[in-house]
Structure formats: C-alpha cells, structure tokens
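Residue-level listing of the chains:
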Amino acid sequence: APVREGAAATALPSSGRSYGSEAKEEEELRVRYLDDEHKGIVVLGLNRSHAKNALNKNLLKMMSKAVDALKSDKKVRTVIFRSEVPGIFCAG
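Residues numbered from 1 in each chain as written. Predicted model: local features only at pLDDT ≥ 70, side-chain atom pairs only at ≥ 80, totals over all residues. Heavy atoms only, no water.

1. Let's talk about the overall build of the chain
For clarity, the threshold we go by: We count a stretch as a helix when DSSP gives it H or I for four or more residues in a row; a strand needs E for two or more, and each element gets its number in order from the N terminus. Whether two residues are in contact is decided by their heavy atoms: any pair within 4.5 Å suffices. Note that accessible areas follow from Shrake-Rupley with a 1.4 Å probe, and for residues the cover is restricted to the protein chains shown.
In terms of helices and strands, the chain carries two helices and four strands. Listing every helix and strand of the chain by position from the N terminus yields β-α-β-β-α-β. A fraction of 59% describes how many contacts in the chain between residues 6 or more apart in sequence connect residues 24 or more apart. Accessible surface, the chain: about 5800 Å² in total, of which carbon and sulfur atoms supply 52%.

As structure tokens, then:
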C-alpha cells in the first residue's frame, strides 16, 4: 500500500526479481498525500521519463494497486493523475 508522508511518498516498491523497466518500479509511480487545506487529495504521478510515461504492464499493475488501496481509505476524497515528466502526460 502507498506510504503516507505528508507532501510526498513513493508507492508500491517491488517484491522479488525485476527485469528491464521494472528495475526502478518504485520510481515509476509517485503517490503524494496532500495536507493542510488540501487534505484528502492524493496525487498519483506518472514518472517514466525514459519512456515518455508509456503505459506498460508494470505501471498498470502499480496504478491498480494504488487505486485499490485508495478506494478503501475513507479520508481520501479526490485522486489526481498527473505527469511528473515536464511536457509529457502519457505516450499510450
């Protein structure tokens, strides 16, 4: 499950062996729980600059796990998907 750390957190570290683009999967999806007047807002940031945020099985799995964890969190009222890569949202 995602880790709460105020302004920034990294989601869903890998377990087991990783291959290719999965090698840095903990950096491919960033989960931030906002606080203060923005409490209840969670930002899921796509962070695959090397692939222009192209969706792959690994990223989709991470996004699915993050959303499943957020669905059961009664404190979350809004989820925002955004790019952490300047000038690019998603390549597919």
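2. Things to note about the nonpolar core
Here is the rule: Among the buried residues, those of types Ala, Val, Leu, Ile, Met, Phe, Trp, Tyr and Cys that are joined through side-chain atoms within 4.5 Å form a nonpolar core. Think of it in three bands: with a 1.4 Å probe and only protein chains considered, a residue is buried below 20% of the maximum accessible area for its type, exposed above 50%, and partly exposed in between.
Residues Leu29, Val31, Tyr33, Val42, Leu44, Leu46, Leu59, Met62, Met63, Ala66, Leu70 and Val76 constitute the largest nonpolar core, which totals 12 residues. Mapped onto this core, the elements with two or more residues apiece are strand 2 (29-33), strand 3 (41-46) and helix 2 (57-71). When residues in this core are grouped by element, the largest group, five residues, is from helix 2. If we ignore the near neighbours within four places in the chain, the residues touching Leu59 are Glu28, Leu29, Leu46, Arg48 and Ala54.

3. Let's talk about the pairing of strand 2
Put simply, the rule is: When DSSP locates at least two bridges between a pair of strands, those strands are taken to pair.
Every second residue of strand 2 is oriented toward a common face, the buried set being Leu29, Val31 and Tyr33 and the non-buried set Arg30 and Arg32. In the sheet, strand 2 pairs with strand 3 via five bridges, with the strands oriented antiparallel. When the bridges of strand 3 are listed, Tyr33 appears paired with Val42.

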